[in-house]
Every structure is written in C-alpha cells, then in structure tokens.
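# Residue-level structural notes
Each chain, written out:
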Amino acid sequence: MKMFAWENYRRSDESIEDAKKRFFRSLPVAAGGIRLLQLGCAKLLSEFDALCQANNICYWINFGTLIGAVRHGGFVPWDDDTDLGIMRDDLSRLAKVVEGERRYKITLVYDRYVHCRQVRFWYADDQIPCFLDLFIYDWASSTDVAKAQRQQELRREMVDEMNNDSKLSFWQEHPYYSGNKSNLIQSYYDRYLAASRSEGIICDQGDAKAIIWSIDNMDDDTQRQWSYSIGDLAPFQRMKFEGVMLDAPANPSVFLWSSYGDIFELPKDIHTHFEHVNHDGLESENTSEAMKKLLEE
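Residues numbered from 1 in each chain as written. Predicted model: local features only at pLDDT ≥ 70, side-chain atom pairs only at ≥ 80, totals over all residues. Heavy atoms only, no water.

### Points about the overall build of the chain
- When helices and strands are tallied, the chain shows eleven helices and ten strands.
- Taken over the C-alpha trace, the chain has a radius of gyration of 20 Å; the compact-globule value for 297 residues is 19 Å, and the two agree within 12%.
- For the chain, the spread of C-alpha atoms along the principal axes amounts to about 60 × 50 × 40 Å.
- A burial count over the chain gives 49% of its 297 residues as buried.
- Partitioning the contacts of the chain with sequence separation of at least 6, the portion at a separation of at least 24 is 69%.
- Here the chain has roughly 14900 Å² of accessible surface; of this, 50% comes from carbon and sulfur atoms.
- On the chain, the mean spot of the 34 positive side-chain charges and the mean spot of the 48 negative ones are 2 Å from each other. (Helix = DSSP H or I, 4+ residues; strand = E, 2+ residues; numbered from the N terminus. Rg over C-alpha atoms; globule rule 2.2 N^0.38 Å. Buried < 20%, exposed > 50% of the residue type's maximum accessible area, 1.4 Å probe, protein only. Contact = heavy atoms within 4.5 Å. Areas by Shrake-Rupley, 256 points an atom, 1.4 Å probe, with all protein chains shown as cover. Lys, Arg positive; Asp, Glu negative; His and termini not counted. Charge placed at Lys NZ, Arg CZ, Asp CG, Glu CD.)

### Focus on the state of the cysteines
- Within the structure shown, the criterion is met by zero disulfides.
- Just so you know, C41 is unpaired, no disulfide at all, and the nearest cysteine sulfur is the one on C130, 4.2 Å from it.
- Since its relative accessible area comes to 2%, C41 is described here as buried.
- As a non-bridged cysteine, C52 has C58 as the owner of its nearest cysteine sulfur, 8.5 Å distant.
- Residue classification places C52 among the buried positions, given a relative accessible area of 0%. (Disulfide = S-S within 2.5 Å.)

### Here we look at helix α4 (residues 63–72)
- Among the ten residues of α4, nine are classified as buried, and the element is accordingly described as predominantly covered.
- Among all positions in α4, only F63, G64, T65, L66, I67, G68, A69, R71 and H72 are buried.
- Positive phi shows up at G73, right after α4, with a value of about 80°.

### Notes on unusual backbone geometry
- Looking along the chain, the bond that leaves A234 and enters P235 is cis, with omega of 0°.
- Among the secondary structure elements, P235 is positioned in the loop between α9 (230–233) and β9 (237–241).
- Unlike most non-glycine residues, N56 shows phi in positive territory, near 55°.
- Even without being glycine, E242 reaches a positive phi, approximately 55°.
- As for its position among the elements, E242 is in the loop between β9 and β10 (244–248).
- A relative accessible area of 22% means that E242 is categorised as partly exposed.

### As for the packing of helix α6 (residues 145–163) against helix α8 (residues 182–198)
- In contact at an axis separation of 10 Å, α6 and α8 are set at 150° when each is read in the N-to-C sense. What the angle tells us is that α6 and α8 run roughly antiparallel. Remark: the crossing between α6 and α8 carries right-handed chirality. Counting all contacts with α6, which are made through Q151, L154, E157, M158, E161 and M162, the residues of α8 involved are I185, Y188, Y189, R191, Y192, A195 and S196. (Axes fitted to C-alpha atoms, helices over the stretch in contact; angles between N-to-C directions. Parallel < 35°, antiparallel > 145°, perpendicular 65-115°, else oblique. Left-handed = near helix turned anticlockwise from the far one by under 90°.)

Interpretation note: all reported values are geometric properties and have no functional meaning in isolation.
Pasting the structure below:
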C-alpha cells in the first residue's frame, strides 16, 4: 500500500526517492508553543556553534536533529528536542568554557529510568525551556564489532550492578537525580569506563581509529552499531538547520541508518513521540514572554 501511495504521489518526471524528499520538505512546520520552542532551540544552536567554533570544540548534529537537517531542512515538525554528539574530551573543554559564561549553563542529571548521565546545554535563564542534549562518544581503537558488543555488555553489567546496590536506593526514590550523592552513581560510570579502557575498547585520541557510543548514554537497543570510523565522522560538513549552519558528520547516512533505517519511510512516531518538554507549559505567560524576548534579541 505504501508503494502504491508513493507511486501515485510521484510526478511523472521524478523518482520515488525524489517524491519522498519532496513530500517531507512540504510538510508544514509546527505551530504555537512547540514552534516557539523550536525557534528558541535553533537560536541556542546558533550560539552553541559560535561558542564551539571560537574555542576549537568539536560537536555534530545527531539523531532527530540530523534527520531534520537532511529531510526537512530544520526541525522535524513534531520534534521538541535537539540532539548533538560530542567527544568526552570536547565536553570537558566545553564545561570549562561555560564556567566563565553568564549566559549559559550545563546540567548533569542521573536518569534512573534509562541509567544514563543526562547532559544538557541551556540558557542560564530558567524561564527559557530550550536545551541541547549532548550525547557522549569516546575514542575507540577500532570499529571491530566484537569490541562494540563488549562495550554494550559492559554497560549491561554496570546496570545490573547498579540495580542490586542498596546504597543507590535513593536513586529509585528520585529517578532524576543531581544531589549530593551523585558521586555514588558516578563511581559506577568511572569504574566501567576504566574497564572499557583496560580491555582496549576505548583509548586516547592519538591512538584512535574510530569513535564509540559511551556507556554514559542510554541503551534502548535500537542502534544497529555503536562504533563508527573516524572517516564517517570527520571532516565535518556544514549543514543548514532552520537557517543556521551547523557541523554534521561527513557521512550522515551511516549515523542515521544505525538508529532509524530508511529515514524517508513514513514515520511511526508522529503521535507517539516522547515529550521532552511540558507542552502545556510552553503556552504559559512567563515562558511565552521569555521566549519572545529571546527571539527578538
């Protein structure tokens, strides 16, 4: 039925692939509070890019944001978050830069639901709900599938150990945690990252031939691969997103196929996409005014 629909949608002078691209580019953008949020995030992206360029910090658009750039030229109409990839050492440099900035902040929350370190870049103004999700990657010795699978196994071992540790019972009561016991959770990530290094999975940049999905991140078992060659990542290309030029992987199709398969298939999550922001709150007077003021700067 999908093939029949595409065949009927296709113009006589275009391929099915071109018809799919035309279809997605023709979808209307979001409206109301969600669109205001998207425009605010696009402005934050622009400022984030400038900050990174000025301080020689590498990043790249990733996941839904990369889909949006390739397929829509901006936000996926029903998307409400922004995804970036960043190497661990670049994240450390970014954190030091932000320490000297009044306009921005980086938050770290330990998410019990998916056992990850949720790292986000925000405006310092709490009235502005815009944020950028920063997903951490490590330098890897190779793209060997066995090593990537071992990285995933190490993460599962870590999660199992966390779940059986009575000292982390507070995390169950406060599943989004950033309090004074964070070091107890962080010690697990530190220990298993050290194990990954000792097994020759992750390494220093000078010895790297690949990058790998960090055990700090969630694992929803949807990524077809965890490691990518450095040649698929760099040199970065500049890609337009909501009128803003941003860094993107040299080979975006590899990253997209790993997580989504064919991004030009009809999407399944239009009505089920996880809400990262309270959509009702976007219509509040304080939030709306703060967002409008931001966009008028």
